[in-house]
Structure formats: C-alpha cells, structure tokens
Amino acid sequence: MSDAPASMNKEKSRKFRETGSTHFGDTDFAEESIDQIGDATWGEVASACCNHDAEGWGKIFIGACGALFFLYFFLFSLELLGNSAKVLGGCSAGGLLSEDTNPVAGLVIGELATALVQSSSTTTSIVVTLVGAEAVDVKSGIYLIMGANIGTSVTNTIVAMGQMGSGDQLERAFAGATVHDLFNLLSVAVLFPIELITGYLYAITKAMLPDTVEKGDKWAGPLKKIVSPLASRVLKANKDVIKDVATKKVESCDSYYPVACIDGIEDYANCATKCDKAAGESFANGDCGRVGLITCDKTIGCPAFFQNGATRQDDATSGGVCLFLSLCLLMACLMGLVNVLQRGLMGMSTRIIYKATKVPGVFAILIGAAITVLVQSSSITTSVLTPIVGLGVIQIEQMLPLTLGANIGTTITGLLASLVSGKVEALQVALAHLFFNLSGILIWYPIPFMRMIPLNGAKALGKWTQRSRLVPPIYILVAFFIIPLGLLGLSALFAEKTTGFTVLGAFLVILVAAGIARFVWWWLKQEGRAKFITFLDTRSAMAETKRTLPEDMQYLKAKVSQLAEHTGLPEDEEEGVEMDIEVQPKEISGGTAEEEVVVVEEEAAAVTESADIAKSAD
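Residues numbered from 1 in each chain as written. Predicted model: local features only at pLDDT ≥ 70, side-chain atom pairs only at ≥ 80, totals over all residues. Heavy atoms only, no water.

### Comments concerning unusual backbone geometry
Alright, step 1. Following Tyr257, the chain continues to Pro258 via a peptide bond in cis, the omega torsion being 0°.
Alright, step 2. As for its placement among the helices and strands, Pro258 is situated in the loop between α11 (239–246) and α12 (268–271).
Alright, step 3. For Asp263, which is not glycine, the phi dihedral falls at a positive 55°.
Alright, step 4. Along the chain, the position of Asp263 falls in the loop between α11 and α12.
Alright, step 5. If you check the backbone angles, Glu527 has positive phi at about 55° while not being a glycine.
Alright, step 6. Its place among the elements puts Glu527 in the loop between α21 (499–525) and α22 (528–567). (Helix = DSSP H or I, 4+ residues; strand = E, 2+ residues; numbered from the N terminus.)

Here you go:
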C-alpha cells in the first residue's frame, strides 16, 4: 500500500489523532461509545461554530437553505401522511372509539385508533369530545388516552426505517425511535393496573376540577400555519366525520356520501358549509352541500383530490394514493435532509457536538415540551429528532428526555380541546393525560437504574437491526397491531358475559400467561437471547452468501479459464463431464502449473462450501 492511502486512513480514524477524538466521517465512527467521548470546552464549541472564512460561511448558508428545504417538505409529507391516514382509517377509528368497552379494550382501541390516524392529538381531541358529549364516561376516556400514548410512537418508528441504507445509522435511528415506544409501553404496563385497581388518576383529577369551565377558542400552532396550507391544497381530512361516527350522530360514514356541491360548484361555500337547521335549511332541499372524509378549506378552497359526486370508495382511493405519495416524499426528504446534515458535519469532532447538545435532563424535557406545543404534535417532534439521532448528532441518552418532554407537550392539545368543549368532564380526561405522562416520567427517568431499562431495551433493538433488516417491520406489526388485536379479541370474549365465552377466555389467558412465562424462562435461563442473536447472525451470513455467490462463481470461472489457457487443458463441452487428463507442468508467472491447480482447487472448495450454505438456507 502506498503512503498516500495510509495517511488518508490515519486522518479518518481517532486511533491516529493525538486528541483521540472521533470526527464525523471517520471509518470507526460507530465504534465510539458515549463513555469514550471526551469533554470539550465552550471555547472550542464557539470556535467550531463561528470561526469560518468567507467560503466556509457560504457553504454553511447553502447547507442551511438545503436543510430547511428538505425539513419543510419532510414536515409537509408528515402532514399529508396524517391526512391520508385519517381519510383511510377515519371511519374505522371513529367506529372503534364509539364502542362501549371494558378497560383492556379501551386501552387497545385507543392505540389502534391512533395508529390508524397517525396522530395522538386527533385521538385525544376526539376522546375529549366524546367525554364532553357524554358519549364516553371519564374512566373509559382515561384508558383510551393511555392507548393513544402507545399508538403515537408508531410514526417515528416508520421514519427510522427510512435509514435502511446504512446499518450504523439505522441502528442509532431505530434505537432513538423505540426508546419512545418502550417508555410508553412500560408506563402503561405499570400504571394501567394501578389505575384499574386504585383509580388514582380519576381521583386526583376529580379533586382538581373547578365547578365550571369557560369555553375557549381553538389555537393553531405556528407550524400548522406554515405547513397546513400546502397540504390542504393536496388533501384535507374531515375530522368532523370521525367525531360524528364516534359520538353516534350517524350510523356510519355512508351517511356522508355521495359528496354533493350546490350547482356543482367546488368551493367551501357550496360544498362544506353546514346547513342551518334553525333557519330551516336542509340538504334535501339543496340549501347546502355535503362532504365526506375529504373536505374543503375555508380560505384555500377544495383540495386537488376533492371530487364532487365522489363515493366513499373514491375518497378511500384518493387517501391511498396520497398515503403512497406521502411515504415516497417522506423517504426522499429524509434522505436529502440526512445527506445535507452529513455534509455539514463532516470532519466535526464528536466532542464538540456532544458538548453543544448535552443539556441537563430537566432542560431537555422542557425543550421537548416547548417544541411539541409549537408544532402541536409529539409525532412531528420525535420524527424530526429520529434521523438526527441516526446521524449521531444527538445521543440516545439525550433523546429520551426530549421524547418525555414531547409526551408532556402533546397533552396541551387535549387541554385546549377540553377548553373548547367547555365541559368539566372533558377537562378531567385532559388532566388525566397530563398526570399519566408525569407519573411515567417520575417512575422511569429520575432513578438511573430505572432509566436504563428503556435505554438498554432500545439499544438492543437497534443492534438487532444490524443483524437483520426485517427487525423494524416485524417489530411494528407485532407491537402495534398483532399484540393489540390479540388483547382486543381476548377482552371481547369476556365482554360477552356468558359462561362459555368466559371460560374460554380464562383458558386462553392462562395459556398466554404460561407461554409468556415459558418464553421469559427460555430467554433468561436457557440462553434464549444468545440463541436468537445467533439465529439472526446465521440468517445474515446466509443472505450475504447468496448475495456474493454469483460474483464468486464468476471469479471461479475466470480462474478456471486462466488455468486452462496456461496448461492447455481442453474446456468441457457439456456440464457434469469429467475428463481425466494428465497435466504437464508448465512455468507460469508467479509459480508452476501444479501450484496454480492447487490454488484453483482451494478456491473451488471455498465456493462450493458457500453454495452448500446457500442451498441449506433455501
């Protein structure tokens, strides 16, 4: 190897620096743990931030413009994704929320409804509305809110999958996303049975309630005013339909179809204005229009995917198309944003970045809460932070308090919705949401030992993605859909209140509990974790073997052709025909023909072994 490449490698590894610090772009960047990051001074941070020549400032300006461009359309795609999910799953979510449920079913329905509409803010607002309209009692509303807390974390987990291209980035991003999931799941696992037995959230919030609540106005955050106008030109979801289905004002979404506009004019006034029943107006008389799950905006007008005369299937098709487009745009903007940030951070010391981003946990919680209040969505906050964690700019230890703050910030939406309803019971549910998140923080964050449980769990999930790219999608399906649906099915058996179904449900619960206990025993006492990791490693090796086998075969064929050329061996005309030919030694550059035969035989044996492994994998 020449001196130039050697010097280049030295420049790109912390092993060859006097300071021992790692820089972005180093070959061993992923090997540095948080304990190995040295401490920098604020003077170094200020110098790295502000000490640039004219060319440097120009690159920073261009990079900042590029980052803002991709960030805006990343947020736009999230908004469009949420609208599309509401159009596709709004009727189902409204139907789920309208059901009279037991506590377990309420928890699961809250999670599934939030996963369907991709917004805990929407679910929380609907639940608060249901309680305010006395369609759901306060205790059931509390369980629905708990479930919404779990479902809200599915969005940033999907965003983490956008970094599949880099194993190290995917590991960090998936860990940063799932630390939010695990905190919410652990909080529910502890607080749900406590609430079920003691009703402490109900009691605390009941004691805090005023006699009356004054009605307030809706508040739209600044981000909504920036992003929503463009998203509303493409697709705007009608949340009123979801609320009407949930409150049983209508039997189903079919009551809103087909879409009809007065005189066929597609604008807000002729399509989306509600009939004034006090003035005797009615849809049957043609006094007002009717819209379904896709509606028009009062200031912007009707979106591109709005269609006069549309059926429910037409709206569902439009929602599916927009969902696909939003996911494509989301991934494209995510890759663009990550690429711009990578270029801007290239060569920057991790000591500097860690010093600049390391803030006390309490302040990080406040920052996360403030950001979420501004954007009015914890999903947006965590989804924006997830790729930054993937780059290594923010450590997972800083991600945890930021997500805890996001959980607190998202409760503001429910509080605002309760003020709009003007009902004391609605305010109680919103306060229960706040105290649920505060209780979870008090359990899992202040004590270092407890804090490490979600952190270590998220880090383990991140490491598994290095061994198999199937881990993220399987995790999402199992954690957010398969397990909740299973619990919903079990709870439905007990809800029948018949001896047969109750006995069957009890038997299945015992069976599931025994299965869980057996799995825990196998995982902890019978080296189950090591066996699982070995299984992932084996699958990864098989996949790598299958991927490289064609190249190995081409290499082998080239070597055989080279050998035949040097030794004068005739090539076989048919496959599988062996020829017994005496090989005459002949001098070749670098060795004799016999030595070349030995080399090729060894390479052929290696490739044959790889082929056997690939066949056994099939």
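### Some words on the pattern of salt bridges
Alright, step 1. This model, assessed by the stated rule, comprises 7 salt bridges.
Alright, step 2. Of the charged contacts, one joins Glu171 and Lys463 as a salt bridge, the two residues approaching to 3.7 Å between their closest N and O atoms. In this pair, Glu171 is assigned in helix α8 (residues 167–198) and Lys463 in helix α19 (residues 448–467), connecting sequence segments 292 residues apart.
Alright, step 3. Residue classification places Lys463 among the partly exposed residues on the basis of a relative accessible area of 44%. (Salt bridge = Lys/Arg side-chain N within 4 Å of Asp/Glu carboxyl O. Buried < 20%, exposed > 50% of the residue type's maximum accessible area, 1.4 Å probe, protein only.)

### Quick notes on the side chain of Thr155
Alright, step 1. Here Thr155 is to be found in helix α7 (residues 154–160).
Alright, step 2. For Thr155, a relative accessible area of 5% corresponds to the buried category.
Alright, step 3. If we ignore the near neighbours within four places in the chain, the residues touching Thr155 are Leu78, Gln118, Ser379 and Ser383. (Contact = heavy atoms within 4.5 Å.)

### What to know about the packing of aromatic side chains
Alright, step 1. Scanning the entire structure with this criterion turns up 13 aromatic pairs.
Alright, step 2. With centroids separated by 5.9 Å and ring planes inclined at 70°, the aromatic side chains of Trp464 and Trp523 adopt a geometry described as edge-to-face. Remark: Trp523 occurs in helix α21 and Trp464 occurs in helix α19; sequence separation between them is 59 residues.
Alright, step 3. Plain terms: the ring middles of Tyr475 and Phe480 are 6.1 Å apart, the flat faces sit at 90° to each other, and that makes the pair edge-to-face.
Alright, step 4. Judged by relative accessible area, Phe480 falls into the buried class, the value being 2%.
Alright, step 5. Members of the aromatic cluster, connected to one another through ring pairs, are Phe69, Phe70, Tyr72, Phe73 and Phe76.
Alright, step 6. Seen from the ring of Tyr202, Lys139 lies directly overhead, with NZ or CZ sitting 5.1 Å from the centre.
Alright, step 7. Note that Arg451 overlies the ring of Tyr445, its terminal NZ or CZ placed 4.6 Å from the centroid. (Phe/Tyr/Trp six-rings, centres within 6.5 Å; stacked < 30°, edge-to-face > 60°. Lys NZ or Arg CZ within 6 Å of the ring centre and 35° of its normal.)

### Topic: helix α6 (residues 138–151)
Alright, step 1. Between its terminal C-alpha atoms α6 stretches 20 Å, which fits the 20 Å expected from 14 residues at 1.5 Å a residue.
Alright, step 2. In this structure Asp137 caps α6, since a side-chain oxygen of it lies 3.1 Å from the backbone nitrogen of Lys139. (Expected span 1.5 Å × (residues − 1). Polar contact = N/O pair within 3.5 Å; in protein donor to acceptor, adjacent residues only side chain to side chain.)

### Considerations on a nonpolar patch on the surface
Alright, step 1. Residues Leu470, Ile474, Leu477, Val478, Ile482, Ile483 and Leu487 make up a contiguous nonpolar surface patch of about 620 Å² in total accessible area.
Alright, step 2. Tracing the backbone through its elements, the reader meets Ile483 in helix α20 (residues 471–495).
Alright, step 3. A residue is classified by how much of its surface remains accessible, and Ile483, at 46% relative accessible area, is partly exposed. (Patch = residues over 30% accessible without salt bridge, like charges linked within 9 Å, V, L, I, M, F, W, Y side chains within 5 Å. Areas by Shrake-Rupley, 256 points an atom, 1.4 Å probe, with all protein chains shown as cover.)

### Side note on the nonpolar core
Alright, step 1. Membership of the largest hydrophobic core comes to 106 residues, with the highest contact counts inside it found for Phe74, Leu97, Met146 and Phe306.
Alright, step 2. Top contributing element to this core by residue count: α8, with 10 residues.
Alright, step 3. Not counting residues within four places of it along the chain, the set of residues in contact with Met146 comprises Leu107, Val188, Leu191, Phe192, Glu195, Leu201 and Phe436.
Alright, step 4. Counting 6 residues, the second-largest nonpolar core is a separate cluster that includes Leu209, Val424, Leu427 and Leu431. (Core = buried A, V, L, I, M, F, W, Y, C linked by side-chain atoms within 4.5 Å.)

### Notes on the confidence of the model for the chain
Alright, step 1. When pLDDT is averaged across the chain, the result is 78; 81% of the residues are at 70 or more.
Alright, step 2. Segment residues 1–10: pLDDT under 50, and 4 contacts once partners within four positions in sequence are set aside and those in other chains are kept.
Alright, step 3. Segment residues 574–591 is flagged for pLDDT under 50; beyond a separation of four residues in sequence, or across chains, it makes 19 contacts in the model. (pLDDT = per-residue confidence, 0-100.)

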